[in-house]
Amino acid sequence: MLKAVILIGGPQKGTRFRPLSFEVPKPLFPVAGVPMLQHHIEACAKVQNMKEILLIGFYQPNEELNRFLLNAQQEFKISIRYLQEYAALGTGGGIYHFRDQIVSGNPEAFFVLNADVCSAFPLTEMLSFQKEHGEPNSFVILGTTANRKQSMNYGCIVENEETNEVLHYVEKPSTFVSDIINCGIYLFNPDIFQHIGAVFQKNQQDMLLEEPSNGWHRAEAIRLEQDIFTALAGQGKLFVYKTLGFWSQIKSAGSAIYASRLYLNQYHTSHPERLASNKEGGPKISGNVYIHPTANIDPTAMLGPNVSIGTGVTIGAGVRVRESIILHGATLQDHCCVLNSIVGWDSTIGKWARVEGTPSDPNPNDPFAKIDSETLFREGKLTPSITILGCNVTIPCEVIILNSIVLPHKDLNRSFKNQIIL
């Protein structure tokens, strides 16, 4: 019997995802037409013998999360529960805190997935890899290859090339260590809790010796990567399964568009019914496009590639949309043009207006390039990136909004470029 744990973080996290995370918890943001988490749940539900999926985070239970869980349980016919931490306990502290829930029913192994990655989730392959490598109670990290420069932004894994054992693990090193990086997807068995428990005891000892601090530092706050993997490396317990499938982090709002592209591309094999096609009397579709059945789109509009259109969206005549996510209830009036942008819930774009961003895609000529987690500002200037309209933003007719971030509930009355409109 198997279980899966998805770490979904909480409201203080995902700040780089603003202004989109104001309306909806980041893990429920729609990527390729469905909430980010649904891709994880779908992959877990496909694994044979999967009995339960646990979400761990510190969001207050809210209407949206509950509705999502209810719908997912019905759709995937599997138990899905949300376990709320009392505070941010880190990637290791969260699973340790709820270890009783995870090991109840005696699963022989369980997956741990970070919610902010998009991936082909080769979970079944990780299971077979674990059976072939090392003793039955070894742990597996999913790894992928990055280029030398970018690898230093991730957890780096040095492996024994013959056995795939992890010899050395460093989180975000300051010099080059290895081009194999941690994907934030793991296969553990209940033995992992002994290792986390040892760190917990050590933290408790250290805290007794220390001066009482401001209470921010808790013994329970344990990071899997720095506290556990670094110590386990080289002990014959930790192995890396390298995947050639797609993988990307979803840290900033701009990376959601890239993730959307990767998932839309996967739909050809996994969900061809989700991809729109050119039909008589329908809009012109170029490349991969997801359109929610409730959207109302003029047949003279042209959409794609890499576009997803949410519920109840209205798109007028002659509208052009490319490399963008249009969220539910938005209205794109006649002949407006939307490129490399995310249009927020219930926003309106006026006639002949142009909303455009700069894509933050990885270098297409480097097969191992990853998306750069760009800083918002560079040398005091806003870095050109995806244009984001928060919810309920109104863009007037005949203006251009370029490389800008517009906070929710704004009525703009002129053009803007390279600005954050507060």
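Further up the page is the structure itself.
Bear in mind that the values here come from a model prediction, so they are computed numbers and not experimental data. (Residues numbered from 1 in each chain as written. Predicted model: local features only at pLDDT ≥ 70, side-chain atom pairs only at ≥ 80, totals over all residues. Heavy atoms only, no water.)

Once that is clear, we can look at the overall build of the protein chain. Across its full length, the protein chain carries nine helices and 34 strands. Relative to the globule expectation of 22 Å for 422 residues, the C-alpha radius of gyration of the protein chain, 22 Å, shows essentially globular dimensions. For the protein chain, the spread of C-alpha atoms along the three principal axes comes to 65 × 50 × 45 Å. When each of the 422 residues of the protein chain is scored for burial, the buried share is 52%. Taken as a whole, the protein chain presents about 18,900 Å² of accessible surface, with 50% of it coming from carbon and sulfur. A distance of 4 Å separates the average location of the 35 positive side-chain charges in the protein chain from that of its 40 negative side-chain charges. (Helix = DSSP H or I, 4+ residues; strand = E, 2+ residues; numbered from the N terminus. Rg over C-alpha atoms; globule rule 2.2 N^0.38 Å. Buried < 20%, exposed > 50% of the residue type's maximum accessible area, 1.4 Å probe, protein only. Areas by Shrake-Rupley, 256 points an atom, 1.4 Å probe, with all protein chains shown as cover. Lys, Arg positive; Asp, Glu negative; His and termini not counted. Charge placed at Lys NZ, Arg CZ, Asp CG, Glu CD.)

Moving on to the packing of aromatic side chains. Enumeration over the complete set of coordinates arrives at 13 aromatic pairs. Pairing Phe110 with Phe188 gives two aromatic rings, centres 6.0 Å apart and planes at 75 degrees, and the pair type is edge-to-face. One end of the pair, Phe110, is in strand β6 (residues 109-114); the other, Phe188, is in strand β11 (residues 180-188), and 78 residues separate them in sequence. For the residue pair Phe110 and Phe188, the accessibility class agrees, reading buried in each case. Centre to centre, the rings of Tyr154 and Trp247 are 5.8 Å apart; their planes meet at 65 degrees, and the pair counts as edge-to-face. Here Tyr154, found in the loop between α6 (148-151) and β9 (155-159), pairs with Trp247, found in strand β13 (residues 247-249); they are 93 residues apart in sequence, far enough to count as distant. Just as Tyr154 is buried, Trp247 falls in that class too. Grouping aromatic residues by their ring pairs yields a cluster made of Phe110, Phe139, Tyr169, Tyr186, Phe188, Phe193 and Phe229. If you follow Arg99 out to its NZ or CZ, it ends over the ring of Tyr96, 3.9 Å from the centre. The residue whose ring lies beneath Arg148 is Phe176, and the NZ or CZ to ring-centre distance is 3.7 Å. (Phe/Tyr/Trp six-rings, centres within 6.5 Å; stacked < 30°, edge-to-face > 60°. Lys NZ or Arg CZ within 6 Å of the ring centre and 35° of its normal.)

This paragraph deals with the pairing of strand β5 (residues 79-84). As judged from the six bridges shared by strand β4 (residues 50-57) and β5, these two strands associate in the parallel manner. Across the sheet, Leu54 pairs through a bridge with Arg81, a residue of β5. A crossover links β4 with its parallel partner β5, the connecting element being helix α2 (residues 63-76), and its sense is right-handed. (Pairing = 2+ DSSP bridges. Right-handed = clockwise from strand over helix to strand, strands pointing away.)

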